[in-house]
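Reading the structure
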Amino acid sequence: MSLEFLIQNALLVFLFVLCLIAIELKDLLYSVIVLAGASITLTVVFFMLQAPDIAITQAAVGAGVTTVLFVIAISRTRRRE
Amino acid sequence: MAGMTVIVRTIARLLFPFTFLFGAYIVIHGHLTPGGGFPGGVIIAASIVMLILAYGIERAQKKVGFLHAEVLESVGGIAIVILGLFGLLLGISFLQNVFPLGELGQLFSAGNLPLLYLGVGVKVTAGIILIFYAMLFAFRGEEE
């Protein structure tokens, strides 16, 4: 029961809450931004599990590329669910 | 996409060289530090996509066109296959190392691994730019 263990579990709970918020939001643009925040949280969890390689990939793909892809897709379709 | 305001354009223009340099560093040091061809290629592609979104699709297409990206992706794939065939031609298995290994921790070491990362980086960069162009051009005919 170290401090690192507590922080890691708190980050996992935070990730779960962010994903629930992203599902429940009715405005899809807000949902995409919350999903980017969840991706950053997952990056910190990967880094704490001593996988910096996966953390870099998750940060670049999850927060960078997928967010812009979703925003372009929303601009092509409707914003409200 | 017609481009954005002056603030977004200035920030994108100032941030572009640093993002590009970081991606190139991750690709070139792929065999020494965490990272490699895929994350570095994604970061380079993100820097170029940032410019595309800030300056509008028409001005970006004069710099990096659809055909440029397609040719670059094929060049990356061919580089990976040729590197693999080097090992096969010398009588050992596919992608086996045939170059001198060098000293541990140096930039020019690890045989064919840095060249392989360069090929993967070029292929991933061009591929992600192609995905964005495809997304932006997908419904062009219906709008006009």
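In short, a report on the structure. (Residues numbered from 1 in each chain as written. Chains lettered and ligands numbered in written order. Predicted model: local features only at pLDDT ≥ 70, side-chain atom pairs only at ≥ 80, totals over all residues. Heavy atoms only, no water.)

Taken together, the 17 residues of chain B in the interface contact 13 residues of chain A. Buried surface at the junction of chain B and chain A, both sides included, amounts to about 1300 Å², of which 81% is carbon and sulfur. Three residues, B:Pro34, B:Phe132 and B:Met135, lead the burial of chain B against chain A; their summed loss comes to 34% of the area buried on that side. Run the count over chain B and chain A and you get one residue pair in polar contact (both at pLDDT 80 or more). Elements that contribute at least two residues to the side of chain B that touches chain A include exactly α2 (37-55) and α5 (113-137) of chain B. Considering every element that reaches the side of chain B that touches chain A, the biggest residue donor is α2(B), with six residues. For the side of chain B that touches chain A, a count of residues per class yields 15 nonpolar, one polar and one charged. (Contact = heavy atoms within 4.5 Å. Buried area = accessible area lost by both parts, 1.4 Å probe. Polar contact = N/O pair within 3.5 Å; in protein donor to acceptor, adjacent residues only side chain to side chain. Helix = DSSP H or I, 4+ residues; strand = E, 2+ residues; numbered from the N terminus. Nonpolar A, V, L, I, M, F, W, Y, C, P; charged D, E, K, R; others polar.)

With that settled, consider the side chain of B:His31. Residue and element names in this part refer to chain B. Checked against the element boundaries, His31 lands in the loop between α1 (6-28) and α2. Judged by its relative accessible area of 18%, His31 is buried. The contact partners of His31, leaving out residues within four places of it in the chain, are Gln106, Leu107, Ser109, Ala110, Leu113, Pro114 and Tyr117. (Buried < 20%, exposed > 50% of the residue type's maximum accessible area, 1.4 Å probe, protein only.)

Right, let's get into the pattern of salt bridges. Residue and element names in this part refer to chain B. Tallying each qualifying case throughout the model produces one salt bridge over all chains. Measuring nitrogen to oxygen at the nearest pair gives 3.5 Å for the salt bridge that ties Lys123 to Glu73. Separated by 50 residues along the polypeptide, Lys123 in helix α5 and Glu73 in helix α4 (residues 66-89) bring together distant segments of the chain. A residue is classified by how much of its surface remains accessible, and Lys123, at 31% relative accessible area, is partly exposed. (Salt bridge = Lys/Arg side-chain N within 4 Å of Asp/Glu carboxyl O.)

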